[in-house]
Amino acid sequence: MQGTLTHKILEQHLVSGTLRSGQEIQIRIDQTLTQDATGTMAYLQFEALGVPRVRTELSVSYVDHNTLQVSFENADDHRYLQTVAAKYGIYFSRPGNGICHQVHLERFGIPGKTLLGADSHTPTAGGLGMIGIGAGGLDVAVAMAGLPFTLLAPRVVRVWLRGALPPWVGAKDVILEVLRRLTVKGGVGKVLEYAGPGVATLSVPERATITNMGAEVGATTSLFPSDEQTRAFLAAQGRQEVWQPLAAETNAEYEEELDLDLSALEPLVAKPHSPDAVVPVAEVAGTPVDQVCIGSCTNSSLRDLMTVAAILRGKHIHPRVSLTISPGSRQVLTMIARNGALADLVAAGARILESACGPCIGMGQAPVTDAVSVRSFNRNFLGRSGTRSAGVYLAGPEVCAVAALTGELTDPRALGAAPRVDLPERFDLDDSMILPPAADPESVEIVRGPNIRPVPTRGPLADEIEMSVLLKVGDNVTTDDILPAGAKVLLLRSNIPAISEFVFSGIDPGFAARAREQGGGFIVGGENYGQGSSREHAALAPMYLGIQAVLARSFARIHQANLVNFGILPLLITAEDYARLEPGDRLRLEGLRETVRSGEPIIVQNLTRDFAFTATPRLSPHQVEVLLAGGVLNYVRQQVRKA
Ligand code: MIC
Ligand code: SF4
């Protein structure tokens, strides 16, 4: 990775370890971000650390996920977050101000800096030449306390861009093509670093679409150089002073290469129910469409919405289609309101939603039974839309807008000339919905609603565990499978006992009751267990239900870290052992503390089927300590007591 831009930025932030792929390193974090669905836990944990004020250059708390206030819980969370932010030195982006990643790109991102975010799409910031990494709330809390972030030094993949995008083909098609080639697990442990002559043809918001959805290949992050386009974007945001040119050395050593000719791309879609089920839209053309949703942190920039408005101008949407539009930020919304594009959207029949995640996280707008929904978003996991029988297609804003007009999936090139959108030299700037922290923190009282419950912890790792396999799942199980989102569940994000009732509810509605009855147990998983969201609730709630270990063929990066943070053992097993384990099998693990300490494989007895096998904990020395203590909070408390 020598000479890559990733290496340069990591090197400047290196606290310990050697920058060699696969080695554990610790890096200094300059900025953090949280959103409300993960933020309440992150700040409860931050409070538990007992640090009087954040020790980062900048920390921002956004409210963008749980904005549908069907009862008091979400509003209480927002108030809690606002008071915590004021007290501890954190900027607070109020509900209505926009989606965290979009606003961060516009108002706070800085080329060459590091950003740790309690949301898996934090790599969006890579569009600005910044290293943005998604993590669990607890890791972000620790970073806010000024401690370094631990990760495995990535393999750096050079994604070489040539040519320029043809008409009707957008940035979304670039990342969909990357997904088609790499699949949802092809990026685990890697950074996708973009380079080549095609880079200069892409604006920062287009780059941000690409880096955003790099999360879907499982990559640690994605990164663009900082160049003239970056300068122009920052200047338009009135922030030119934070710009600096950044690029890889010409002789940089990459671990892998991917070559992508932009001019050869065509409009693509990801079919239900995985972001890597990518085909040309032409292949599914004619499929009737019931719903189109445009927005999300992937595709809701000014440019995206202006493009949609240009396509819809003077026309009306198909009678079968419900079209929703959620602008990525208040800046985008005010600008399209002032320049008339909003009127074009409304006149065409669009339903305008607030600047927030909205339908992307199932916060309203669940589609009709058996729907085909076409969305400019980044995830189409089964059930995430709120309607389990619906099939969601992911596409760029152009394909979405055209489908809204024709009522079916349509190759937009059939419409003739592509719309041309000119962006202003300068964006409307108004940060009045971003509240700076209080000047007199002592006077701020933290307000906690009745739904905000303390973070549960578990005791130190037991030496012997004998329990049953409660559930066996296949490959690529998502955190949406483990703990669904949606309006009905998200309002319980600050209440682990209550939300734990929903663990695996989409796959196995009896799971929580069974776990409670048996006082806990094991989960057996396939490859890439825990892909998708960074929600630590997908570890915390199973921990609360007594899950002791997940035995899987492989894990997604953020989820593996979350399991360890909350004291659940992530154990790797072989394909053969995966095949012969069954739900209900009674497993016995002995001498656990010693084996975990030594890093040796653990011998597991299957008492039901009378065989033994090994399960490997692949843990860093730090993770070993954390697991022995029963999770990070216990570990930190122990350290404090020792000190
Ligand atoms: C998502 O897109 O799944 C979310 C909701 O933004 C999550 C965070 C969460 O579950 O709160 C993410 O991507 O990390
Ligand atoms: Fe919000 Fe969707 Fe982006 Fe997650 S992926 S941050 S839910 S817009």
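All values derive from a computational prediction rather than experimental measurement. (Residues numbered from 1 in each chain as written. Chains lettered and ligands numbered in written order. Predicted model: local features only at pLDDT ≥ 70, side-chain atom pairs only at ≥ 80, totals over all residues. Heavy atoms only, no water.)

### Observations regarding the site of ligand 2
For clarity, the cut-off: By convention in these notes, a residue is near a molecule or strand provided one of its non-hydrogen atoms lies within 4 Å of it. Definitions used for this entry: grid spacing 1 Å over protein atoms alone; cavity, a set of points where a 1.4 Å probe fits but cannot get out; pocket, an open set with protein on both sides within 12 Å along at least 5 of 7 lines; lining residue, one with an atom within 4 Å of a point. Think of it this way: a molecule belongs to a cavity or pocket when more than half its atoms come within 2 Å of the grid points there. Residues are grouped as follows: nonpolar covers Ala, Val, Leu, Ile, Met, Phe, Trp, Tyr, Cys and Pro; charged covers Asp, Glu, Lys and Arg; every other residue, Gly included, is treated as polar.
Lining the immediate surroundings of ligand 2 are H65, H101, D119, H121, S296, C297, C357, C360, I361, N378 and R384. According to the grid-proximity analysis, the pocket containing ligand 2 is the largest cavity. Across the shell around ligand 2, the residue classes tally to 4 nonpolar, 5 polar and 2 charged.

### Considering the nonpolar core
Put simply, the rule reads: In this text, buried Ala, Val, Leu, Ile, Met, Phe, Trp, Tyr and Cys residues form a nonpolar core when linked through side-chain atoms within 4.5 Å. Accessible area is worked out with a 1.4 Å probe on protein chains only. A residue is then buried under 20% of its type maximum, exposed over 50%, and partly exposed in between. Helix and strand labels come from DSSP, where a helix needs a run of H or I of at least four residues and a strand needs a run of E of at least two; each type is numbered from the N terminus. The contact definition used throughout considers only heavy atoms, calling two residues in contact when any of these lie within 4.5 Å.
In this structure, F504, F511, Y529, L551 and V596 are the most contacted members of the largest nonpolar core, which totals 110 residues. In terms of residue count, the dominant contributor to this core is helix α5 (residues 137–144) (6 residues). Contacts of V596, omitting those with residues within four sequence positions, involve L461, L569, I602, L619, V624 and L628. Judged by nonpolar contacts, the second largest core, of 41 residues, contains I294, A309, A401 and L409.

### Thoughts on helix α11 (residues 330–339)
Counted only if it meets this: By construction, the arc corresponds to the directions joining the helix axis to the C-beta atoms.
Every buried residue belonging to α11 is among Q331, V332, M335 and I336, and all of these are buried. The buried residues of α11 occupy one face: seen down the axis, they fall within an arc of 125°. Those residues of α11 that are buried lie in contact with α4 (100–107), α10 (302–312) and α12 (341–348). One or two steps after α11, the chain reaches G340, where phi turns positive at roughly 95°.

### Overview of the packing of aromatic side chains
Rules: Centres within 6.5 Å make a pair out of two Phe, Tyr or Trp rings, where for Trp the six-membered ring is used; the pair is then stacked when the planes are under 30 degrees apart, edge-to-face when over 60, and tilted otherwise.
Inspection of every chain in the model, using the stated rule, returns 7 aromatic pairs. Between F233 and F427, the ring centres sit 6.3 Å apart and the planes meet at 75°, which makes this aromatic pair edge-to-face. In this pair, F233 sits in helix α8 (residues 228–236) while F427 sits in the loop between α13 (397–406) and β20 (434–435), placing the two residues 194 residues apart along the sequence. F233 sits in the buried class, given a relative accessible area of 8%. Ring plane angle 80° and centroid distance 6.0 Å describe the contact between Y529 and F555, whose orientation is recorded as edge-to-face. Highlighted residues: Y529 in the loop between β22 (521–525) and α18 (537–544) and F555 in the loop between β23 (547–552) and α19 (557–565), separated in sequence by 26 residues.

### Some remarks on the sheet that holds strand β24 (residues 569–572)
Let me state the cut-off plainly: When DSSP locates at least two bridges between a pair of strands, those strands are taken to pair. Comment: axis = line fitted to C-alpha atoms, over the contacting stretch for helices; angle = value between 0 and 180 degrees taken between N-to-C directions.
Pairing in this open sheet of 7 strands is mixed, and the strands run β24-β23-β22-β21-β25-β26-β27 from one edge to the other. The open sheet has two free edges, formed respectively by β24 and β27 (611–615), since each of these has just one partner strand. Each strand axis lies, on average, 30° off the axis of its neighbour in the sheet, ignoring direction. Bridge count for strand β21 (residues 465–472) against strand β25 (residues 586–589) is 4 bridges, and the pairing is antiparallel. Pairing of S468 across the sheet is with R586, part of β25.

### Digging into the pairing of strand β8 (residues 149–152)
With burial as the criterion, only one face of β8 is covered, namely that bearing F149 and L151; the residues T150 and L152 on the opposite face remain uncovered. Inspection of the sheet shows strand β2 (residues 24–27) paired to β8 by 4 bridges, in the antiparallel sense. Opposite I25, over in β8, you have L151 as the bridge partner.

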